[in-house]
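Summary of the model geometry
Given next are the chains, with one letter for each unit.
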Amino acid sequence: MKKFSWRAPALALSLLLMAGQGALAQIPSSHWAADGYQYYKAQSGEVVMLDARDAAKKTVLLSKEMLTPQGGKAITPRNFYLSADGQKVLVYTNAKRVWRYPTRGDYWVYDLTAKKLTKIGAKFPASSLMFGKFSPDGTKVAYVSGHNIYVETLADGNIAQLTSNGTDKIINGTFDWVYEEEFFCRDGFRWSPDSKQIAYWQIDASNTKNYLMLNTTDSIYPYIIPVEYPVAGEAPSPFKIGVVSVAGGSTKWMDIPTDAVLQSYVPRMEWAANSTELIIEHMNRAQNHTEVMLINSASGKGKTIYQESDAAWIDILPEWEGTYYYGGWDWFKNGADFLWVSEKDGWRHLYRISRDGKKQTLITKGNYDVMQINAVDEKSGYVYFSASPDNATQKYLYRTKLDGSGKAERLTPMNQPGTHNYDVSPNGKAATHSFTNYYSQGASEVVSLPQHKTFSGEEQAAKAIAASADAKAKSNVEFFKVKTEEGVEMDGWMQKPNNFDPSKKYPVVLYVYGEPWGQNVRDVFGATYNSLYAGDMAADGYIYMSIDNRGTPVPKGREWRKSIYKGIGTLNIRDLALGTKQLLKERSYLDTSRVAVWGWSGGGSSTLNLMFQYGDIFKTGIAVAAVGNQFTYDNIYQERYAGVTVDDAGKAAYIKGSPITYAKNLKGNLLYIHGTGDDNVHYNNAEQLINELVKNNKQFQLMLYPNRTHGISEGPGTTQHLRTMYTNYLRANCPPGAR
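Residues numbered from 1 in each chain as written. Predicted model: local features only at pLDDT ≥ 70, side-chain atom pairs only at ≥ 80, totals over all residues. Heavy atoms only, no water.

An unreviewed UniProt entry lists the protein under the name Peptidase S9, with Mucilaginibacter pedocola as the source organism.

Structure follows, in structure tokens:
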């Protein structure tokens, strides 16, 4: 229902890299060396060490020859990790996808001292190991296979099995579908700092109902693919947090209170800067109350050291900060304080919390949101973060003192408007930097900090802006603000046709998402590109536009983002409709008789609701992979934003926000598209919506893609067919060109 925007693969890759999105969390990037200037990178099938200060300097750490097993072919690193002493390299390769991301594959260790390459978990099937990682002392590697945790001693290859009850339903060291999808929980175990213990999650999905996906294409007789999937109103799969010795023995389970009926969640867990305590974030079922607990790993007893509540919901750190997808907890003063993020003063800010929770220090101060934590450098006393106080469509690098003194200092040059992403080195002295805006294709460079100068002296971002000055003048893209009749001001972009004549009228195509997991209006190159359209929309005479309504995850403060609580399908739809209505009123060149809307996933749901609730504005809609009935979607997402449906009052928001409630009102032209193998927004949404439309004699066009998933990309010819159908339908029902 969220986090999905269909784009051509190459463009998707470039845009996500620029945006710093977590969808590419398994694609290797740079790994900074301890000196803060050199960094490691997978490059052309090798692992090399580069130097930020000298672009010509390159040292091969692992050559193709070194990565070639005896009698075999060279392995290609997808990612890699160095041991703490730098003498061993753990290489991840042959990756396979688990749900969204390629987190299952093969691991090899290269010993730089012994000059030896060894396959880890050689007795297991190919591409079956998950989350391999060195012990802190570098003598072992732990991993998950078949929902069990193993530890392999590098000196002799001995494999110890730490858990033995892993099944499809008892999940050790990783997570079920919904924890992965909604909390970004994938890697489910942690080494203790002394390398003697492993703490891990166990998820018990035994009582979680399966959604039965029907595969009708891969054999003569259809067969069922069950996926444990707790829909809204269903209790979550119970969790346990356990600690086990790497020497073997029984697991010690931590004593974490939970609601026996409603259950609760632990989306974050780490060792608490020592080998005797764990720190966890424990949330109630409604996700509007969170508590931080310290737990003694030997006794299992814990205490709450910090807690907070929100009238809507509380976002955990990995939900918006991709560098924490695979764990992490920032400590200061050898474990005396830790970093915390909260919106309790109305903005997303960083806090420093003492270990006992009694002292709280606001680090970032002001009316702005922290968009990303780029680096924490305790030695220099700075935290580096991204923000954009004055323009919610852009992103810049700042730093401020970790003790909360002083003001935030912008490091991104003022003459580089747009969206900037940084990978800041551990000592804050250097950063890889990528830049783009709507008229500049972008640039990449390595800069010194805080001066923000390239080490070579050639400022690539500045050159890109200078080179694109003419492109800006010629651009047909406009970023605008629109204020509705209810006083809601929203950001938008609009791409006008070639040879635009304001005295004529043009068809309008509105691209929507509208839910808490998508920001469309971002100042990046290619933001206005619609790769579902087989052609050039501007050349054909379309006005293409998008608006970010309240509830979208833009840096405009807590109230903006959380005003959508219990209002998905109503508040966001009204904002989008009234915003479009205002633009139609203000701009005479927008043809009110030719207004189309389209979206995918949550955007598909918004499209349906706009067509059904505001059919006087929107004449044509194309909805892809849409949730038709909010009761069908998973509990973590839907209950977070619409409440826990334990009574009739709690169900009201679901009914009011579901497109099937309004399907009887369809007036215009609707194309509905869904994949029957969608494991995210299940196919039953399509059939429930179809039933409502049929019951009310509402004519529409339907396209079902057999056995395709949420991205509708599998199978020969699928992408071309989808683009052709989308384009033909749009042209037929919302004809292009000026009138």
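This next bit is on the overall build of the protein. Along the protein, the regular secondary structure elements total 12 helices and 43 strands. Computed over the C-alpha atoms, the radius of gyration of the protein is 26 Å, within 12% of the 27 Å expected from 2.2 N^0.38 for a compact globule of 739 residues. Each of the three principal axes of the protein carries a C-alpha extent, and together these read 75 × 60 × 60 Å. Evaluated residue by residue, the protein yields a buried proportion of 59% over its 739 residues. (Helix = DSSP H or I, 4+ residues; strand = E, 2+ residues; numbered from the N terminus. Rg over C-alpha atoms; globule rule 2.2 N^0.38 Å. Buried < 20%, exposed > 50% of the residue type's maximum accessible area, 1.4 Å probe, protein only.)

Where nonpolar side chains cluster on the molecular surface, the patch consists of L212, L214 and I224 and spans about 290 Å² of accessible area. Examined against the element boundaries, I224 turns out to sit in strand β17 (residues 223-228). (Patch = residues over 30% accessible without salt bridge, like charges linked within 9 Å, V, L, I, M, F, W, Y side chains within 5 Å. Areas by Shrake-Rupley, 256 points an atom, 1.4 Å probe, with all protein chains shown as cover. Salt bridge = Lys/Arg side-chain N within 4 Å of Asp/Glu carboxyl O.)

Following the criterion strictly, the structure yields 38 aromatic pairs and no others. Centre to centre, the rings of Y143 and Y150 are 6.0 Å apart; their planes meet at 20°, and the pair counts as stacked. Neither residue differs from the other here; Y143 and Y150 are each classed as buried. Ring-pair connections join several aromatic residues into one group, and the members of that group are W177, Y229, W313, Y565, Y633, Y637 and Y641. R268 extends its terminal NZ or CZ atom over the ring of W329, reaching a point 4.2 Å from the ring centre. The ring of Y382 is capped by R399, whose NZ or CZ atom sits 3.8 Å from the centre of that ring. (Phe/Tyr/Trp six-rings, centres within 6.5 Å; stacked < 30°, edge-to-face > 60°. Lys NZ or Arg CZ within 6 Å of the ring centre and 35° of its normal.)

Further remarks concern helix α8 (residues 602-613). Compared with an ideal rise of 1.5 Å per residue, which puts 12 residues at 16 Å, α8 spans 16 Å between its outermost C-alpha atoms and is within 8% of the ideal. In terms of burial, α8 is largely enclosed, as 11 of its 12 residues are buried. Along α8, the residues classified as buried are G602, G603, G604, S605, S606, T607, L608, N609, L610, M611 and F612. (Expected span 1.5 Å × (residues − 1).)

On to the sheet that holds strand β2 (residues 38-43). Spatially, β1-β2-β3-β4 is the arrangement adopted by the four strands of the open sheet, whose pairing is antiparallel. In this open sheet, the two strands that pair with only one neighbour each are β1 (31-32) and β4 (54-62). Two strands pair when backbone bridges link them, and β1 and β2 are joined in this way by two bridges, in the antiparallel orientation. Bridge assignment links H31 to a residue of β2, and that residue is Y40. (Pairing = 2+ DSSP bridges.)

Another point: the packing of helix α7 (residues 571-586) against α8. It is at 10 Å that the axes of α7 and α8 come closest, and there the two elements cross at 65°. Judged on the interaxial angle alone, α8 and α7 are roughly perpendicular. Where α7 crosses over α8, the two elements pack in a sense that is right-handed. Residues N572, I573, L576 and A577 of α7 form the contact with α8, whose participating residues are S606, N609, L610 and Q613. Residues of the contact of α7 with α8, tallied by class, amount to four nonpolar, four polar and no charged. (Axes fitted to C-alpha atoms, helices over the stretch in contact; angles between N-to-C directions. Parallel < 35°, antiparallel > 145°, perpendicular 65-115°, else oblique. Left-handed = near helix turned anticlockwise from the far one by under 90°. Contact = heavy atoms within 4.5 Å. Nonpolar A, V, L, I, M, F, W, Y, C, P; charged D, E, K, R; others polar.)

Turning our attention to the side chain of Q630. In this fold, Q630 is placed in the loop between β41 (620-624) and α9 (635-642). For Q630, a relative accessible area of 3% translates into the label buried. Aside from chain neighbours lying at most four places away, what touches Q630 is A232, I568, Q638, A642, A653, Y654, G657 and S658.

Our focus in this paragraph is the pairing of strand β8 (residues 116-120). Taken together, the five bridges between strand β7 (residues 101-111) and β8 define a ladder with antiparallel strand orientation. Opposite Y110, over in β8, you have L117 as the bridge partner. Between β7 and β8, which pair antiparallel and follow one another directly, the connecting turn spans four residues, one of which, K115, has a positive phi of 55°.

It is worth spelling out the pattern of salt bridges at this point. Scanning all chains against the criterion turns up 32 salt bridges. With a closest N to O distance of 3.0 Å, R53 and D51 form a salt bridge. A salt bridge links K474 to D470, with the shortest nitrogen-to-oxygen separation between them at 3.1 Å. Of the two residues, K474 and D470 both sit in helix α4 (residues 469-474), four residues apart, roughly one turn of that helix. Among the charged side chains, a salt-bridge network with shared partners connects D310, E343, D369, R558, E559, R561 and K562.

The feature "domain: Peptidase S9 prolyl oligopeptidase catalytic" (unreviewed entry), as given by UniProt, occupies residues 537-726 in the numbering adopted here. In residues 537-726, helix accounts for 40% and strand for 18%; the two terminal C-alpha atoms are 13 Å from one another. (UniProt positions renumbered as here; feature names shortened; annotations may be inferred.)

The strand order across the open sheet formed by eight strands is β36-β37-β39-β38-β40-β41-β42-β43, and the pairing between neighbours is mixed. In this open sheet, the two edge strands, each paired with only one partner strand, are β36 (477-483) and β43 (701-705). Across this sheet, the average inter-strand angle for adjacent strands is 20°, counted without regard to direction. Relative to β43, strand β42 (residues 669-675) runs parallel, the two being bridged by five bridges. Looking across to β43, one finds that L671 is bridged to Q701. Lying over the sheet, α8 contacts β40 (590-600), β41 and β42, oriented at roughly 145° with respect to β40.

Bringing unusual backbone geometry into the picture now. The omega angle of the peptide bond from L449 to P450 is 10°, so this bond is cis rather than trans. Tracing the backbone shows P450 in the loop between β34 (440-448) and β35 (453-454). A positive phi angle, near 55°, is found at S127, a position not held by glycine. Here S127 shows up in the loop between β8 and β9 (129-134). Backbone geometry places K566, a non-glycine residue, at a positive phi of 60°. Assignment of secondary structure puts K566 in the loop between α6 (558-562) and α7.

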